[in-house]
Structures are given as structure tokens and as C-alpha cells.
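For reference, the chains in residue letters:
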Amino acid sequence: MTTMLLELADVRFRYPDGSVGLDACSLAIERGSRNALVGANGSGKTTLFQHANGLLRPQAGTVRYAGEALDYSRGGLRELRSKVGLVFQNPDHQLFSASVQEDVSFGPINLGLDEATVRRRVSDALASVGMLDCANKAVHNLSFGQKKRVCIAGVLAMEPELLILDEPMAGLDHAMRVELTAVLDGLQARGITLLLATHDIDFAYRWADRIHVMIAGRCSASLSCDELEDHHNALSEAGLPLPTVMTLHRQMVAQGVLPQMTMPRSHAELLDQLATREDQHRKQETPCH
Amino acid sequence: MFIEQCAYVNRWRPVSPAAKGLFALCGFVAAFAARQPVAGLVTTGLIFIVTLAGAGIRLVPYVRVALPALAFLAISCLSLAFSLNPGSDGQGLALQATPAGLYQVAEVGARSLGALAALLFLVMTTPLIDLIALLRRLKTPELLLELMVLCYRMLFVFSAAVHDTLTAQSARLGYATPRLALRSLGGLTANLTLQIWQRAHDLHVAAQARNNDGPLRFLEPRFTNVRRDVALAAVGGVVLIALTLVWPA
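Note that this is a predicted model, so its numbers are computed, not measured.

About the cut-offs
Residues numbered from 1 in each chain as written. Chains lettered and ligands numbered in written order. Predicted model: local features only at pLDDT ≥ 70, side-chain atom pairs only at ≥ 80, totals over all residues. Heavy atoms only, no water. 1 Å grid on protein atoms, 1.4 Å probe; cavity = no way out; pocket = protein on both sides within 12 Å on 5 of 7 lines; lining within 4 Å. Points joined across faces, edges and corners; volume = space filled by probe spheres on them. Nonpolar A, V, L, I, M, F, W, Y, C, P; charged D, E, K, R; others polar. Pairing = 2+ DSSP bridges. Helix = DSSP H or I, 4+ residues; strand = E, 2+ residues; numbered from the N terminus. Salt bridge = Lys/Arg side-chain N within 4 Å of Asp/Glu carboxyl O. Buried < 20%, exposed > 50% of the residue type's maximum accessible area, 1.4 Å probe, protein only.

(A) Just the layout of surface pockets, in detail. If you add up the space inside the largest pocket, you get close to 710 Å³. Lining the largest pocket are 29 residues, and of these Tyr15, Thr46, Thr47 and Gln50 of chain A together with Asp202 of chain B sit closest to its centre. Within the lining of the largest pocket, the residues separate by chemical class into nine nonpolar, 16 polar and four charged. Approximately 280 Å³ is the volume found for the second largest pocket.

This is the structure we're talking about:
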């Protein structure tokens, strides 16, 4: 079994109005990994996602899933969409059923599953995003964050291997972001491969295994987070800054506050390093008896 | 919105929509079977009491929901009560109310009130999602149900879109003068037309992404004690009908 779940090779796509969606875009997503897609607005992130789900078909190049080129027949797309779940950026563009439970059941019913299985999947999906209590609520009575979670549940109920989320953190407050991150961690622990688009480079650096940079319809770099420090140009070309924790750590090392050590992934890790350093200082300064 | 709020928070929310539908249907039958205006009014009163005391619907939202329908009924009754006839001297026209006409008004008005009370009982105790599920079980054509689901959902999406656009226009003095208001309303209409087209396209893409290739199918909600609820509703409904039928003429 190939370790690459999704691969795009030299994919080109142009919209009917002439604007470039993807331009010789190549990218690979490893099975079981967490991936963040970063890039400016209009750089082709959503277009790429729609290619992964078979909603758009490349005008040139190939999209492969689990090593096989995509089959765009009715049956082929049906199989692909049962494995690749896509959560849209705006929940109101995805939710069209009246109640939460109904909307989450939409995908599994489309898969042709029996009622008992659909009920189990709906219940499991709602539980995994913490929305089981709202199963019988009307969609329009939910908050924006709750709607986002219902959108994720609607796709999770189809039990995808690859879950794609288009800017899942957009419009969420801090508490909701923390909750959603916990949900994503739980999904990855279940073996689901995750690919999400974000403008928050700090979040991408903290959360992802790999960061893919999109510029003008092309994936200009795919870097593991450890490589990011040495390839910061890849981010600056896309108009993105370095993660603040990385900049802070560099400054602290330059000023001798911290020794040269592993780059922290989050501010919490940086604070831990500072605390450890302070402890070491204190021990050195305490006279021996 | 009042209907929505009541439908979700009333005491009979967990009661089977089949039972509530049956009771409302019996209410309709009782209202139309009423041979005396008083019998129609008694039916109205009983359904009203069941809605307020049984389901726990508050009086203020109930009256506010009923008011437009009551106003419409009042206008209709007035046009029934009075008629334009040639004047007694053979010249001009005179507005006349005859005893027969007034009795007809009382009869039609009482029946309509009964039907209105039955309808309000159903919609204020049952969310539309439950009603749609009930209609699905009653083998209503799928196309009609899909339209209902989409219209219901879109109602809230578009009311939000209208609210946002109106706010944005008002913030830039879009409704400062009648002329500007007219212009802004035109802009709002044009904007909504585009938004409707865009939203319809987005929903289609979202449905495709979840493997939809035909009818919109959903899981139906489950209710406990359906048989007991339906039996109680049937008893209540039969009592209503019997009462109007045995009412002395």
C-alpha cells in the first residue's frame, strides 16, 4: 500500500472567466499526516480541494488517490467522495437541511447505508464533535461555531480516510478554535488524514506535520515543520511571515536568553524552555554546602 | 419567528407529530362540522385551552401570531355582513346588514376561528422539521418535500442576507431620503438575486461533495410513546367532533 494518499501531478485548471485556478500544481499528502495549506486569497487552495473531491476535473495533469488516477465516472466519483470528505469554509453553503440530525445523515444516506447504520454513524459523528445534545435542533438556531462543527460531523459520518477543511478556523473565537483543534486531534488519533487551509501561520506551524505553500495556483513548497526554519523564503514569497514563536526564539537565542536548542512549536513550548533555563540558572547560582 | 420559538420550547415538543397532526385534523373536522356558531366557538375555545394549558404556549406570542389571520378574518366577515343594495327610494346605493347575513357571518366566523385555532395548535407545538418528517411518512411527493426543506432553510439564510445588506446600506446612509431608499431597495433586490443564484450553486456543489446524485434524503426523527400519544389525540379529537355534532341546533 502506497504511503501517499493524495497526489496532484502538474495539475492545471482555468475557470471559464479565464482566471487561473491551478497552474502546474504538484503536491502529495501522506497517509495519516496532518497537513496545512497556506497561501494568499485566490492562490488556489479551494480549487485544489475541489480537485481532491472530484468536484473539479483537471484540464491537464493527474490527480491520484491511493496511487490510482481518479476515475471520473459516476461510480468512481461516488467511491472517491466516500473516502475524501470536504468541509466548506462557510457553513451556510454546506448545511441545507432543516435539523442537525437530518443534515448529518445526508451523506451516509447517499452512500446507500441502512437506517440502523446511518443512525449509528450520525450519533458517533455528532459525539466526536461534541454536538450530540443538539441533534434535534434546527440548523438556523445554532451559533457559527456550532454550524462549523455540524459541517464537520456531516462529513465525518461518511467515515472518510482524508478529511479536507477549507479554513475551518475562520470566524471562530479563541475558545472555539481550541475546541476545534481538540476535535481535529481526536480525528487524527483515529487515523484520519487531515488537510486544511489556513491563513494562520502560527496555528499551521503548531499543528501540522507538513506545511504546503500555495502561490498563484502552484504549490511552491511542501515542508515539514522542522525544515521551515531553513526555508523561510518559501513563506516570504507567499507574503507570509515566519511563525512568531520562531522569530521570538531566534531573538532569545541571539541575545543569549536561551541556548541553541530545539525550535519550539508553540508559545507554550517556548515558555517551558524559558522555565527550564531559569531553573538551571538558579541551580548554578545556589552555592554548594 | 414566534412560531419557531414556540415550536421548539413548548411542553409537547417530544410528543409525536402524528398525534398532534391527528388532533389538529379532528379540530378542523369539528370546526367545519359545527352546525351552530356557538358550537364553533366552543371548539375554538377548547383547542385554545389545550394549546395554552396543555402545550404551555404563552398567550402573548399566541395572540401576535394569530393577529394577522384574525384581521383578515374580520375584513372578510365585514364584507359578508354588509351588502350594497339599491336605496329604498330607488335612487342611489345603501349599505345594508341583514339578520340572515349576520347569522352567516357568525357561522363562517366561528368555523374559521376553530380552523385557525387547530392550525395554530399544530404549527406552534410542532417544528417544521417534524411536520416534514410526518408528511414524508404520509407519502407526500418527494419533490414537494425537498422544496419545503430548501425553502425553510433558505428562509433563514436569506433573512440573514437581507438583514446584513440592509445594515450595510443603512450604515452608509442608504435610507436617509426617500429617493436614496428607493435606490438602496433596488440595490438590495439586485444583490439578493445574485446571492440566491450563488447560494443555489454553492448548495449544489456541497450536495455533490457528499455524494448526492438525485433526491435529497434525510434521516427521520424518532419519537417515543407514539402509540400512546396517537391514542390520546384520537380520544381528544373524537370528543371535539362529538361535542359539535351533539350540540343542540
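(B) Region of interest: the sheet that holds strand β1 (residues 4-14) of chain A. Residues and elements named next belong to chain A. In spatial order, the strands read β2-β1-β4-β5; together these four strands make up an open sheet with antiparallel pairing. Only two strands of the sheet have a single neighbouring strand rather than two, namely β2 (20-30) and β5 (68-69). As judged from the seven bridges shared by β1 and β2, these two strands associate in the antiparallel manner. Paired with phenylalanine 13 across the two strands is leucine 22, which belongs to β2.

(C) A look at the pattern of salt bridges. Residues and elements named next belong to chain A. Within this structure, the stated rule accounts for 18 salt bridges over all chains. For lysine 83, the salt bridge is made with glutamate 79, and the minimal N-O distance between the two is 3.1 Å. Placement of both lysine 83 and glutamate 79 in helix α2 (residues 74-83) is noted, with a separation of four residues, approximately one turn of the helix. Put simply, arginine 121 and glutamate 159 hold a salt bridge, and the shortest N to O gap is 3.4 Å. With arginine 121 in helix α5 (residues 115-128) and glutamate 159 in the loop between α6 (144-156) and β7 (162-165), the pair connects residues that are 38 residues apart, well separated along the chain. With a relative accessible area of 13%, arginine 121 lands in the buried category. When its relative accessible area of 42% is taken as the criterion, glutamate 159 is described as partly exposed. In the salt-bridge network here, residues are joined through shared partners; they are Arg12, Asp23 and Arg218.

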